Amino acid sequence: MIFLFPLTFFGLTDDYVEYIYEQFFYLKHYGGWSFIEAYNLPIKLREWWVERIGQEFKKEKEEHERAMKRSRK
């Protein structure tokens, strides 16, 4: 039997599921959230938290690089 719709018609794509699980991992590993807490967050709020954690890592990396440059002088 040939289906007109891809299998994702009835669910999420594998790439999207992996993207969601990556968000859960970041929140659990770096934010101390439980899986259930992350799972129950509204999507936009979860995305905001993940983005905010990324900004914090970027800021810490820049501060670390500045400190390394100062220590070389």
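Structure first, text after, so check above.
Sequence order sets the numbering: in each chain, residues are counted from 1 along the sequence as written. Since the coordinates come from a predicted model, pLDDT governs what is reported: local features require at least 70, and pairs of side-chain atoms require 80 or more to be given and counted, while whole-chain, interface and lining totals use all residues. Water and hydrogen atoms play no part in the side-chain values, which are based on all heavy atoms of the structure.

## A look at the nonpolar core
Nonpolar core, defined: a set of buried Ala, Val, Leu, Ile, Met, Phe, Trp, Tyr and Cys residues in which side-chain atoms within 4.5 Å join the residues together. Buried, partly exposed and exposed residues are distinguished by accessible area as a fraction of the type maximum, computed with a 1.4 Å probe on protein chains only: under 20%, between the cut-offs, and over 50%, respectively. Membership of the largest hydrophobic core is limited to eight residues, which are Ile20, Phe24, Leu27, Trp33, Ala38, Leu41, Val50 and Ile53. By the criteria applied, helices consist of DSSP H or I runs no shorter than four residues and strands consist of E runs no shorter than two, each listed in order from the N terminus. When contributions to this core are tallied by element, the ones reaching two or more residues are helix H1 (14–31) and helix H3 (43–72). Residue contributions to this core peak at three residues, all from H1. Leaving out residues up to four positions away in the same chain, Val50 has contacts with Gln23, Tyr26 and Leu27. In what follows, residue pairs with any heavy atoms lying within 4.5 Å of each other are defined as contacts.

## Topic: the pattern of salt bridges
When a carboxyl oxygen of Asp or Glu is within 4 Å of a side-chain nitrogen of Lys or Arg, the pair counts as a salt bridge. Following the criterion strictly, the structure yields two salt bridges and no others. The salt bridge partner of Glu47 is Lys44, with a shortest N-O separation of 3.9 Å. Here Glu47 pairs with Lys44, and both are found in helix H3, just three residues apart, close to one helical turn. Here Lys44 falls in the exposed class, since its relative accessible area comes to 67%. Residue Arg52 is joined to Glu56 by a salt bridge in which the shortest nitrogen-to-oxygen separation is 3.1 Å. Placement of the pair is Arg52 and Glu56 together in helix H3, with a separation of four residues, close to one helical turn. A relative accessible area of 25% means that Glu56 is categorised as partly exposed.

## Overview of H3
Side chains three or four residues apart in an α-helix point the same way, a direct result of the helix having 3.6 residues per turn. A helix is expected to reach a length of 1.5 Å times the quantity of its residues less one. The end-to-end C-alpha distance of H3, which contains 30 residues, comes to 44 Å, matching closely the 44 Å that a straight helix rising 1.5 Å per residue would cover. Among the residues of H3, those classed as buried are Arg46, Val50 and Ile53. Check the buried side of H3 and you find it contacts H1 and helix H2 (35–40).

## Section: the side chain of Arg46
Position of Arg46 relative to the elements: it lies in helix H3. Sequence-distant contacts of Arg46, that is, excluding residues within four places in its chain, are made with Ile20, Gln23, Phe24, Leu27, Ala38 and Leu41.

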